[in-house]
Amino acid sequence: MMLDMENRTDNCSLIRWINGIILIGLALGFFVIPGCMVILYLHDSGLKDGVIPYCAYSMHGRLTPKYEKWAIDRVASGQAGGVDKCNISGTEWPVFGSVFYLWATESLQAEWEKDPSVSAQSPAVYARKAIDAATELVIDPNHASWVKAHWGDDYLHEENVFYRTLVIAGLTSHYKLTGDDTHLAMLRDQVDSLANELDRSSHGLLDDYPGECYPTDVMVAIVMIRRADAVLGTDHSAFAQRAIRAFIGKSLDKIGLPPYNANPDTGETGSRSRGCGDSFMFTWALEVWPEQAADWYALYEQYFWQHTWGIAGFREFPRDMPSRNWYMDVDSGPVTCGIGFAASAFGTGAARANGRFDHAYCLGAEMLAISWPMADGTLLWPRVLSDGVDAPYLGEAAILFCLTRQPVGGVATVAANGLPGFVYMMLAIYFGGGGLLAYLGYRRLPMGRKKPRKSEVRRPTLQITLFVSLLAMVIVLMLLGQFRFSLIVLFAGQLFPRVVRKNNAQYPELTN
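A brief structural summary.

## Details of the overall build of the protein
Looking only at helices and strands, the protein features 19 helices and seven strands. Sequence-distant contacts in the protein: of pairs separated by 6 or more residues, those separated by 24 or more amount to 73%. Within the structure as shown, the protein displays about 22,600 Å² of accessible surface, and the carbon and sulfur contribution to it stands at 60%. Computed over 44 positive and 52 negative side-chain charges, the separation of the two mean positions in the protein equals 14 Å.

Structure below.
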């Protein structure tokens, strides 16, 4: 009986060994290695100038096979047809994320053609299947089920600005990357029909959804129509010049920026300009109206740029609206101390496009620091914040899109300056958290306990059985791709073995 108890106690000591090694492994994998990767990213000169950062190539190379498989499987499953039309992350995000991926790939390919040394292989070649898969998802009828619910069967020819813009953007990038003319007829139809409809509208505005008009999306639609001209051999320059009527005079809010929403029938502004729309809009505006876009960015900086308490970013609402310093919705993401999550993330792309590397370096560094890059290339926090069911790679594709923006031709650039304190705080979390976790793991090992106290293991057989079951569950969950749940179970295993500490003098039977 005593020998059997000692064997079981020894097995519980083995559990301590295993858990100590697990904690040290987690410290390295989830803190130290990500921290080192962030430092490596921060030394990338592309964050400070107009060249695409080298880290974008490695991120794209690692994301591509995952995106290819996901897009192919999602289209084949037909699951998008059953998503409720009000589920924004389940309807918009898969299509939006695919266009982000295509835009990023297009920019990487253009840079590679200038300097093939930046990547061992052309992005258009190694990503060909992913490019096709992302494009098929964008035009997949099931992925249009939500706009069909809003606009009916004629959803490709009646308003529906946001979705049709994504179709134009996706098909344009696809042709530029592949030279495949399979979808050119559809692209031409969408470009001509949307341009004509916007041109005929009373104030140059159309709805995304019935009763919902967002000038941001209208402006991006105009840019995408002009970008498609290069593929189709068409010329909508005159249309683009007329289209500025929706973004001048009374069509602007009180500080002179395009409003967040508007009434397309009267041209009247709705709510004031917001950072989540402005940052995305000003990424593109220079391509059609460079002088106006430069003035808008100056106003955006004046009313929305904020650098306080070591954190730099764009506000979600103008600084004269302090009551909205704490806010959250599906477009803005969390707003903290006035700084908007989406406004600052997309602000990286806007700042790069406008040559403002004094902003872009701060924002890009913060974005990479908080992204929590893993050894396999996964950006942990963007993955967590994405829709794990319908759009798991949206966050990573959006970061790639922002990092691959380059100054629009002819724009004057402003040099980068120092890093904000937030970046150093994140580095302290990486290495401080990793050090603490490693220390706790070390304390579970025999060499980490100088004078171990004797203890009694209650029900050791049950504890060993539960621990082994948890480890088996971790393996199964990881094989099923349920990474988040596997981590929860792995940490649950740290509760074992449960012991009762004893005084050695009182319990001589526990003395060696």
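## Description of the sheet that holds strand E3 (residues 327-329)
Whether parallel or antiparallel, the strands of a sheet pair through hydrogen bonds between backbone atoms. Across the sheet, three strands lie side by side as E3-E4-E5; this open sheet has antiparallel pairing. Each of the sheet's edge strands pairs with one partner strand only, and the pair in question is E3 and strand E5 (339-340). Bridging between E3 and strand E4 (residues 333-336) involves three bridges; their strand directions are antiparallel. Among the inter-strand pairings, Tyr327 is bridged to a residue of E4, identified as Val335.

## Looking at a nonpolar patch on the surface
A cluster of nonpolar residues, Leu14, Trp17, Ile21, Leu436, Tyr439, Leu440, Tyr442 and Met447, forms a patch on the protein surface that exposes about 810 Å² of accessible area. Only helix H1 (2-42) and helix H17 (421-444) provide two or more residues apiece to the nonpolar patch. Counting residues per element, the nonpolar patch draws most heavily on H17, at four residues. For Trp17, the location among the structural elements is in helix H1. On the basis of relative accessibility, which here comes to 36%, the residue Trp17 falls in the partly exposed class.

## Comments concerning the state of the cysteines
Per the counting criterion, the structure on display carries zero disulfides. Cys402 supplies the cysteine sulfur nearest to Cys55, a cysteine that is in no disulfide, at a spacing of 12 Å. Residue classification places Cys55 among the buried residues on the basis of a relative accessible area of 4%. We classify Cys402 as buried; its relative accessible area is 2%.

Analysis parameters
- Residues numbered from 1 in each chain as written.
- Predicted model: local features only at pLDDT ≥ 70, side-chain atom pairs only at ≥ 80, totals over all residues.
- Heavy atoms only, no water.
- Helix = DSSP H or I, 4+ residues; strand = E, 2+ residues; numbered from the N terminus.
- Contact = heavy atoms within 4.5 Å.
- Areas by Shrake-Rupley, 256 points an atom, 1.4 Å probe, with all protein chains shown as cover.
- Lys, Arg positive; Asp, Glu negative; His and termini not counted.
- Charge placed at Lys NZ, Arg CZ, Asp CG, Glu CD.
- Pairing = 2+ DSSP bridges.
- Patch = residues over 30% accessible without salt bridge, like charges linked within 9 Å, V, L, I, M, F, W, Y side chains within 5 Å.
- Salt bridge = Lys/Arg side-chain N within 4 Å of Asp/Glu carboxyl O.
- Buried < 20%, exposed > 50% of the residue type's maximum accessible area, 1.4 Å probe, protein only.
- Disulfide = S-S within 2.5 Å.

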